[in-house]
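Listed below, chain by chain, are the residues.
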Amino acid sequence: METPLWMKTFVTVVDLQSFSRAAEILGMTQSSVSRQVSALERHLGVAVLKRTTRSLALTAEGTLFYEAAQKALAAIEEAEASIGRSDTLSGVVRITAPLTLAQARLIGFIAEFQRSHPKIQVELKVSDHALNLVADHLDLAVRVGQIGDSSNLVRRVGVAHRVMVAAPAYLAAAGTPRRPVDLRDHNCITYALLSTGTNWHLLGHPPVAVQGNFRADSPDALRAAALSGLGIAVNARWLFEEDLASGRLVELLPDHPPVDMPIHLVMPPTRHVAARVRALSAHLVGAFQRDPLLRSN
């Protein structure tokens, strides 16, 4: 029966938004991929994709079939995995994560995973904004910070240990804060996506309202501003670890560090989680716990 193969081809095309990339991953020619999707449409009696020379999109019927096909393929993977055929794990896992965490740690964790599961393709979408897992067809998200009320499946896997830093040049000109309240007299570089805004929460001290003349929605921009001597910045230690080791940045108020932020794995609300997604999730849980900068206490 050809239907499972047609389904797998169709789902891969949708996941990657490309016939040519799907062909590469499936080890087929692009014309074969196109023929299989056309065969599926003839079998179903409806169009599942709207195709142009520059893009493709799901039809209403295609959206319904895509969701059902994902569940069916997940069930097949589950059946194969249940008899120990881990070598059969294949397909695409689409994951999103913040840029700096992806660069500092996550890509390395994924590389370890793919060495054991070379048939699994991982597509990483980096964003410091919380993407919609369902609308963006994502299997998994790594998110830093508190998770509000959500129908998604959420698991805490680690912690972002944060640190307050400034460049030696800034401290030479503006002085070094000795107490949390001293921050009110400094130029503080603020992160636009921080839910607490300009209130910095420090361990063992009430929140401190800070102010400054530079605000950004990118941790990399905060780091660059701190390195330029613009002011004092707060973010995850992994963002600054090389700068602290080299002396380009100095840690401030170590007795009152910024409070840690939790790290979660988030999956869409479904009872059918593909075996490849569960395998990557399990690997990431272990990898986070082995890393001293990410391990939960």
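Reading guide: rules and limits
Residues numbered from 1 in each chain as written. Predicted model: local features only at pLDDT ≥ 70, side-chain atom pairs only at ≥ 80, totals over all residues. Heavy atoms only, no water. Helix = DSSP H or I, 4+ residues; strand = E, 2+ residues; numbered from the N terminus. Buried < 20%, exposed > 50% of the residue type's maximum accessible area, 1.4 Å probe, protein only. Salt bridge = Lys/Arg side-chain N within 4 Å of Asp/Glu carboxyl O.

Peer 1: How do you make sense of unusual backbone geometry when you look at a structure like this?
Peer 2: Most of the time, phi is negative for any residue but glycine, and the peptide bond is trans. The backbone of L253 shows a phi angle near 45°, a positive value even though the residue is not glycine. As for its position among the elements, L253 is in the loop between β13 (250-251) and β14 (261-267). Judged by relative accessible area, which is 7%, L253 ranks as buried.

Peer 1: Explanation requested: the pattern of salt bridges in the structure shown.
Peer 2: Pairs can form between side chains of opposite charge whenever their charged atoms are close. Considering all chains together, one arrives at 9 salt bridges under this definition. Between R51 and E41 there is a salt bridge; the shortest N-O distance is 2.7 Å. A residue pair is termed long-range when its members are at least 10 positions apart, and R51 in strand β1 (residues 49-51) and E41 in helix α3 (residues 30-44) qualify at 10 residues. Close ionic contact of R223 with D243 constitutes a salt bridge, the shortest N to O distance being 2.6 Å. Placement of R223 in helix α7 (residues 219-227) and of D243 in helix α8 (residues 237-246) is noted, with a sequence separation of 20 residues between them. Overall, the relative accessible area of 26% leaves R223 in the partly exposed class. Residue D243 is classed as buried on the basis of its relative accessible area, which comes to 1%. Salt bridges here are not isolated pairs; linked through shared partners, they connect R21, R94 and E123.

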